[in-house]
Structures are given as C-alpha cells and as structure tokens.
Amino acid sequence: MSEALAEDIERVADDLSASGLLASIRAARDAENTAAARQLELAARWADLHPPESIHSAAAFTIPGSEHEEPIAGQGCPLVAEFCVAELGAELGMSSVAAKKLIGQALELRHRLPRLWRLVQSGRVPAWRARSVAEVTIHATPALTKDAARWVDAQVAAVAGKIGPAQLDRLVAETIKRFDLAEHDPAADPEDGYLSVDPRHATLNDQDVHYSGTMHFEADLDIADALDLDHALVQGAALQKALGSTESLDVRRAKALGDLARTQTALDLHAQGTAEATSADGLPAAREVVLNAHFAAESAPDGTTVFGPTGRLEERRRLLLLDQVKAWCGDSRTKITIKPVIDLNAELSAPGYEIPKSIREQVALRDRTCTFPWCTRPARGADVDHVVEFDHDAEAEGRPQPGPTTSSNLACLCRYHHRLKTFTAWTYRVIAPGVFEWTSPHGHRYLRDRTGTRRLDPDGEPPERP
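What counts and how
Residues numbered from 1 in each chain as written. Predicted model: local features only at pLDDT ≥ 70, side-chain atom pairs only at ≥ 80, totals over all residues. Heavy atoms only, no water. Helix = DSSP H or I, 4+ residues; strand = E, 2+ residues; numbered from the N terminus. Buried < 20%, exposed > 50% of the residue type's maximum accessible area, 1.4 Å probe, protein only. Contact = heavy atoms within 4.5 Å. Areas by Shrake-Rupley, 256 points an atom, 1.4 Å probe, with all protein chains shown as cover. Pairing = 2+ DSSP bridges. Lys, Arg positive; Asp, Glu negative; His and termini not counted. Salt bridge = Lys/Arg side-chain N within 4 Å of Asp/Glu carboxyl O. Polar contact = N/O pair within 3.5 Å; in protein donor to acceptor, adjacent residues only side chain to side chain. Expected span 1.5 Å × (residues − 1). Axes fitted to C-alpha atoms, helices over the stretch in contact; angles between N-to-C directions. Parallel < 35°, antiparallel > 145°, perpendicular 65-115°, else oblique. Nonpolar A, V, L, I, M, F, W, Y, C, P; charged D, E, K, R; others polar.

With respect to the overall build of the protein chain
Then, number 1: Across its full length, the protein chain carries 13 helices and 17 strands.
Then, number 2: Looking at the protein chain residue by residue over its 466 residues, the buried ones come to 33%.
Then, number 3: Long-range contacts, defined as pairs at least 24 residues apart, comprise 53% of the intrachain contacts of the protein chain with a sequence gap of at least 6.
Then, number 4: Only carbon and sulfur atoms are counted for the fraction: they give 55% of the accessible area of the protein chain, which is about 29,000 Å².

Focus on unusual backbone geometry
Then, number 1: Cis geometry marks the peptide bond from threonine 141 to proline 142, where omega comes out at -5°.
Then, number 2: Within the secondary structure, proline 142 is located in the loop between helix 6 (127-138) and helix 7 (146-158).
Then, number 3: One non-glycine residue, alanine 160, lies in the positive phi region at around 55°.
Then, number 4: As for its position among the elements, alanine 160 is in the loop between helix 7 and helix 8 (165-178).
Then, number 5: Although it is not a glycine, aspartate 180 sits at a positive phi angle of roughly 55°.

A closer look at the pairing of strand 13 (residues 410-413)
Then, number 1: Residues of strand 13 alternate between two faces, with Leu410 and Cys412 on one and Ala411 and Leu413 on the opposite face, all of them buried.
Then, number 2: Bridge analysis of strand 11 (residues 383-386) against strand 13 gives 4 bridges, and the strand direction is antiparallel. Looking at strand 13, one finds that aspartate 383 is bridged to leucine 413.

Some remarks on the side chain of glutamate 67
Then, number 1: Inspection of the secondary structure assignment puts glutamate 67 in the loop between helix 2 (18-48) and strand 1 (69-70).
Then, number 2: There is no salt bridge for the buried glutamate 67, and the closest opposite charge comes from arginine 419, which lies 8.0 Å off by N-O distance.
Then, number 3: A distance of 2.9 Å separates the side chain of glutamate 67 from the backbone nitrogen of phenylalanine 83, its partner in a polar contact.

Let's talk about helix 2
Then, number 1: For helix 2, spanning 31 residues, the distance from its first C-alpha to its last is 46 Å, which sits close to the expected 45 Å at 1.5 Å a residue.
Then, number 2: For helix 2, the set of buried residues is Gly20, Ala37, Leu40, Ala43, Ala44, Trp46 and Ala47.
Then, number 3: Looking at the buried residues of helix 2, the elements they touch are strand 2 (80-81), helix 3 (84-92), helix 4 (96-112), helix 5 (114-121) and helix 6.

Remarks on the packing of helix 4 against helix 6
Then, number 1: Where helix 4 contacts helix 6, the axes come no closer than 9 Å and their chain directions differ by 90°. Taken together, the axes of helix 4 and helix 6 lie roughly perpendicular to each other. Of the residues in helix 6, those touching helix 4 at Lys101, Leu102, Gly104, Gln105, Glu108, Leu109 and Arg112 are Ala130, Arg131, Ala134, Glu135, Thr137 and Ile138.
Then, number 2: Of the residues assigned to the contact of helix 4 with helix 6, the class counts are 5 nonpolar, 3 polar and 5 charged.

A look at the pattern of salt bridges
Then, number 1: As enumerated under the stated definition, the model contains 19 salt bridges in all.
Then, number 2: The shortest N-O distance in the salt bridge between lysine 100 and glutamate 70 comes to 2.6 Å. Here lysine 100 is found in helix 4, whereas its partner glutamate 70 is found in strand 1, with 30 residues between them in sequence.
Then, number 3: Classification of glutamate 70 by relative accessible area gives buried; the value is 16%.
Then, number 4: Here arginine 399 ties to aspartate 391 by a salt bridge, and the two come within 2.9 Å at their closest N and O atoms.
Then, number 5: Among the residues examined, arginine 399 registers a relative accessible area of 36% and is labelled partly exposed.
Then, number 6: Salt bridges here are not isolated pairs; linked through shared partners, they connect Arg26, Arg29 and Asp30.

Okay, here's the thing in structure tokens:
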C-alpha cells in the first residue's frame, strides 16, 4: 500500500462519525462479497475454457503421467483438463490444490446447487457460505446423486445459506437416507436398514501450533478403548508423580499419552516372533518416528557451539523450541543421529543422470518445498528434476551435456508439478541457487525463492513488497 493511499484512508477515517465508520466497513464487506462471487463465476468460466477436449496431445492417451481429464466436483458436473488449475492458482497466488478446490466448488454450485449459486450471484448469500456447502456435497459419503444434491440445495437456499456445519452434516445424512444412497454404497452393510455413521476418529490439528510448541489432538473412541486409554493415562500420570514430577495433572496425562505412542502395550503383528519385538530393557519395541530439526548455530568465544532458542521442524514445517529437543534427547529411548552440516551453496555434481543421495539431500534442504509457484509440498518427498533436461545421447554423440546433474541444474518438484513441467508449456529457469523464474503458458512470470513466490512485472522485475 502506498503512503499516499494510506494517508487518504486515514484522513477519510478521521472524518467519519461512528455511524459513518459502520456504514463504510459494511460497504467494504459488501464489495468483498461481490468480488468473491465474481471470482467463483470466473473460476467456473475458466473450467469451461478447459474441457477434456482441450487436451490436444495424443500423448495423453499413450504416455503415463501426461494430462488427463479429471472430475473435481460431484456427479453431473463437467470434467476439466487436469493441468488448467495450476495457472489459475498461480495467478491468484494460491497453491494448485487450493485452485482445484475453488474451481470444483464453483462447478458444484453452478451445476448441482443452482439455487444457492443464484443467491451468491445476487449478493444474498456470501460466497464463503456457499463454498462450505459445496465442499460437503462434493465429498459426501456415499456420493450424492444430482437429484440428492438438488434437494440439499433447496433446503439450504430456503434459509438463505444460513446453516452451520453440524446442521449441514445432519441434512446430508438425511438426504442419503431419503434417496436410499446407502443401499448402493459398496461399503455399506446390506443388512442395515438405516444409515449408520461411525463417529470414531483420531485427528491431529496441525494448522494451529501454540507458541509453547504444542498441537491439539482429539479423538472419538469406542467406549472400551476410551476407558482403557483413560486408565493408562491415570497410571502414567501417577507414575510420573511418584518419580518426582511436579507438573500439573493435565501435563502429566499429556506426557503419558506421548509415552504410549512411543512404547505401545500391544505387540505389532509384524514383529511377533522376531528378535526385534522387544528392546534391551524388555519393553515392547517403540515405533520409529523420525524428526528432522534445523537450528542456527554459532561459535562462542570459548569455542563451544551455541544453538538458537528456536528452530524449524521439517515435518509439517513447524516452529520448534530448543528446550523441546533437549527434553526429547533426555529420553533414554530416543535415538539421536547428527548429520554433517551441508553447504547449501556448494556446487555438487555427478557424472551421469542418476542423482546421488548427497546431492538429493542438499537440494531438498535448499528448496524446502516444491519450487512451483506457491506450492508448499515438502521437498523431501518430492522428485528432483533436471531444470535443463538431461540429454542421454550427448556423451555417445560427442556433444557437451546441456543438462548436467549438478546442484545448480536441479530443483525439487512434487509429482503433480513435475508432470506439469514435463507435459505442458510451463517452463522455468535458475536465477541463483534456490531461486527460480517460472513462465506460464500465457506468459505470466513468477519468481520463487526461499521467502516464497512473487509475480514478476512485465519488465521482469519483482514488484516491491508491501
């Protein structure tokens, strides 16, 4: 935001009375809803431009991994060319997964929830409410037929979209019973005369990490399992207190649950009868959970190494406290592996096409995630791609290798974006180690580095950050 614009907004805000401020913020909210409705309409039109017939390449029918048609909404919605979502996502500054969800919800509303669609376009229902309904009807189990979705549409439209998640779940369950969809579900019990929804789950909420380095875990268990688990936590908390712990009961129960995860009381079936079934202390063998932690380190005047108080956990890309790592390492059942420091700017190379483990590790640490614009899939599980294609015939024909296996010619790409780069007009090039410039089929350019993704201006320069 420019300084002049900020000053204008501040001046207008100062001139408004309390009622004027309320009217202004209401107008801003209405404008936001109108823009969101327009975005849904344009997303659906983008899908219209990319039907399966738009996949011109004959390779789509012969080469594994090439583009194919994909259903991204419910029964009765048109199919789309798989790779069209990537360019829309890049232009909107979102991941391809988020763009796919946006297009799918737009098609679901337009084709299967038409009443709700009209309410959104007329401004009577906010787009976010309609999208939440579309997300449920797309992924309902068993799948909703077009008639069933239309019935849900009528019920939701009658209350102008004002329906909460619990009410929506009950409405979908009633719809499934009303249209006898469970009888046609291969997973349903044919002897059941009614829809039975099993509420059991164990869910980790990894989107909200507390500043102290904790995550929320919730579960619905079978009664017997829940009582057994509670009994185990009571015992574990009491044992910690007997050993001198002064922490609260809640904290000790939470730690006891973590202990259960590392040392389960039931033997794994695959380990029964093997020498590895128990450890040296006679307890059941702990499941191996590998965590990759990265901390900045500096040399103190006395020659010792000092680590920073916070670091980065590769798994789920979360903040990690040094005190947590110290506590983990203090557990006698924790195995610690210290890997050598890897210079991310060093130019490593290999003579052939195959990428050695050392180079893969360096590239994964350097890139952190898939290097496609706004993609956040972890680099460690991604493919390592030759940015300039490796020529397998170059050596035999006496030509220099255009795409050598070197650090500066390698990048991490998730499988979806690796296929996208291989089979479409998307291209990218290396600007500097870990810095890539991507060009879309329509000529839009994006700069991706360790700080994220930025669009490039027509002259090639990234716009100034706000």
